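Fold and contact review
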Amino acid sequence: MIDSHTHLHLCEAPNAELVANADAAGVTRMLTVGIDGASCREALAAAEAFPQVYAAIGRHPTAARGFDDGDLAELRALAAHPRCRAIGETGLDFYRDSAPPRADQERAFAAQIKLARESAKALVIHARAADEATLAQLAGEADGVSVVMHCFSMPLQLAECVRRGYAISFAGNVTYKSAGDLAEAAGAVPEELLLVETDAPYLSPQAVRSERNQPAYVVHTAQFIARLRGVSLDELGETVERNAARVFGWA
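Our subject in this report is the structure included herewith. Treat the numbers as computed from the prediction; the structure is a model and nothing was measured. (Residues numbered from 1 in each chain as written. Predicted model: local features only at pLDDT ≥ 70, side-chain atom pairs only at ≥ 80, totals over all residues. Heavy atoms only, no water.)

What follows covers the sheet that holds strand β6 (residues 147-149). Pairing within the open sheet is parallel, and its 8 strands lie in the order β1-β2-β3-β4-β5-β6-β7-β8. Unpaired on one side and paired on the other, β1 (2-6) and β8 (194-196) mark the two borders of the sheet. Each strand of the sheet is rotated relative to its neighbour by a mean of 30°, with strand direction disregarded. Two strands pair when backbone bridges link them, and β6 and strand β7 (residues 167-170) are joined in this way by 2 bridges, in the parallel orientation. Across the sheet, the residue bridging to V148 is A167, located in β7. (Pairing = 2+ DSSP bridges. Helix = DSSP H or I, 4+ residues; strand = E, 2+ residues; numbered from the N terminus. Axes fitted to C-alpha atoms, helices over the stretch in contact; angles between N-to-C directions.)

Here it is, written out as structure tokens:
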């Protein structure tokens, strides 16, 4: 099993404990995701310390205020690290009035799309209250880039994402009773595009919803999706391991 998206730097437990718990649960690889310069450096440090951990380097849309060439230069330098296997998370987030200006978010997003292309790394997408705008910018700028729709939340656009060949990653919220549309999408995604994640420490699966999320808990989400798709957990694990290895280029 793999966790295609986690934030080790935001989890309360030490990295060593989180990785040990994941090992015990059968989680063999995880991608820890930076959201700004400091957390990107933390992600790379975790990836250096633990062979199970790889890093994604990016500027989250809610951290995109004033994004400029200096910020891009920092990301480019960090992304050159051999343990970096993806760019992001990046995208658009119009959920809160306090979010950075749309122009800043779009500029940071465009820069990271270009960085993913020039570095031949996957592009990890965050979209909140911005589905159409996110897909439009991807359509205009990300042709030929390997795109991962992190914490998939746009079931009405599933067919379009599949048509474009985007990897679709489901987090613990797919297990919630209120998320029937997401569950339907998880059952319908083509096998070769399916990924699972925790987005830890957020979105704990229903079975452990009273607890802070961690990479080990991706197994609960995988079990839920395996039942939806009528396959065993082992079969689903082999599928997502194969897909993650292709998308992120890890062994």
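Next comes the rest of the write-up.
A separate point is the pattern of salt bridges. What the rule picks out here adds up to 10 salt bridges. A salt bridge links R59 to D71; the nearest nitrogen and oxygen atoms lie 3.2 Å apart. Separated by 12 residues along the polypeptide, R59 in the loop between β3 (53-57) and α3 (69-79) and D71 in helix α3 bring together distant segments of the chain. Of the residues examined, R59 reaches a relative accessible area of 9% and is grouped as buried. When the shortest N-O distance is used, the salt bridge between E118 and R76 registers 2.7 Å. Separated by 42 residues along the polypeptide, E118 in helix α4 (residues 102-119) and R76 in helix α3 bring together distant segments of the chain. E118 gets classed as partly exposed once you look at its relative accessible area, which sits at 48%. Residues joined in a network through salt bridges with shared partners are R41, R59, D71 and E74. (Salt bridge = Lys/Arg side-chain N within 4 Å of Asp/Glu carboxyl O. Buried < 20%, exposed > 50% of the residue type's maximum accessible area, 1.4 Å probe, protein only.)

Here we take up the packing of helix α7 (residues 180-188) against helix α8 (residues 218-229). It is at 8 Å that the axes of α7 and α8 come closest, and there the two elements cross at 70°. When the axes of α7 and α8 are compared, the pair comes out roughly perpendicular. Between α7 and α8 lies a crossing of right-handed hand. Seen from α7, the contacting residues are A183, A186, G187 and A188; seen from α8, they are F224, I225, L228 and R229. For the contact of α7 with α8, the residue count by class is 6 nonpolar, 1 polar and 1 charged. (Parallel < 35°, antiparallel > 145°, perpendicular 65-115°, else oblique. Left-handed = near helix turned anticlockwise from the far one by under 90°. Contact = heavy atoms within 4.5 Å. Nonpolar A, V, L, I, M, F, W, Y, C, P; charged D, E, K, R; others polar.)

So, on to the pairing of strand β5 (residues 122-128). Counting buried positions along β5 gives 6 out of 7 residues, so the element sits mostly inside the fold. In this sheet, β5 lies alongside strand β4 (residues 84-93) in parallel orientation, the contact comprising 6 bridges. Paired with T90 across the strands is I125, a residue of β5. Read as a crossover between parallel neighbours, the route from β4 over α4 to β5 is right-handed. In terms of strand pairing, β5 meets β6 through 3 bridges, oriented parallel. (Right-handed = clockwise from strand over helix to strand, strands pointing away.)

It is worth spelling out the side chain of T175 at this point. Structurally, T175 can be placed in the loop between β7 and α7. Looking at T175, its side chain comes within polar contact range of the main-chain nitrogen of Q206, at 2.9 Å. Leave out the neighbours within four places in its chain, and T175 touches P205, Q206, T221 and F224. (Polar contact = N/O pair within 3.5 Å; in protein donor to acceptor, adjacent residues only side chain to side chain.)

A word on a negative patch on the surface. A cluster of acidic residues, D234, E235, E238 and E241, forms a negative patch at the surface. Position of E241 relative to the elements: it lies in helix α9 (residues 233-248). (Patch = residues over 30% accessible without salt bridge, like charges linked within 9 Å, V, L, I, M, F, W, Y side chains within 5 Å. Areas by Shrake-Rupley, 256 points an atom, 1.4 Å probe, with all protein chains shown as cover. Lys, Arg positive; Asp, Glu negative; His and termini not counted. Charge placed at Lys NZ, Arg CZ, Asp CG, Glu CD.)

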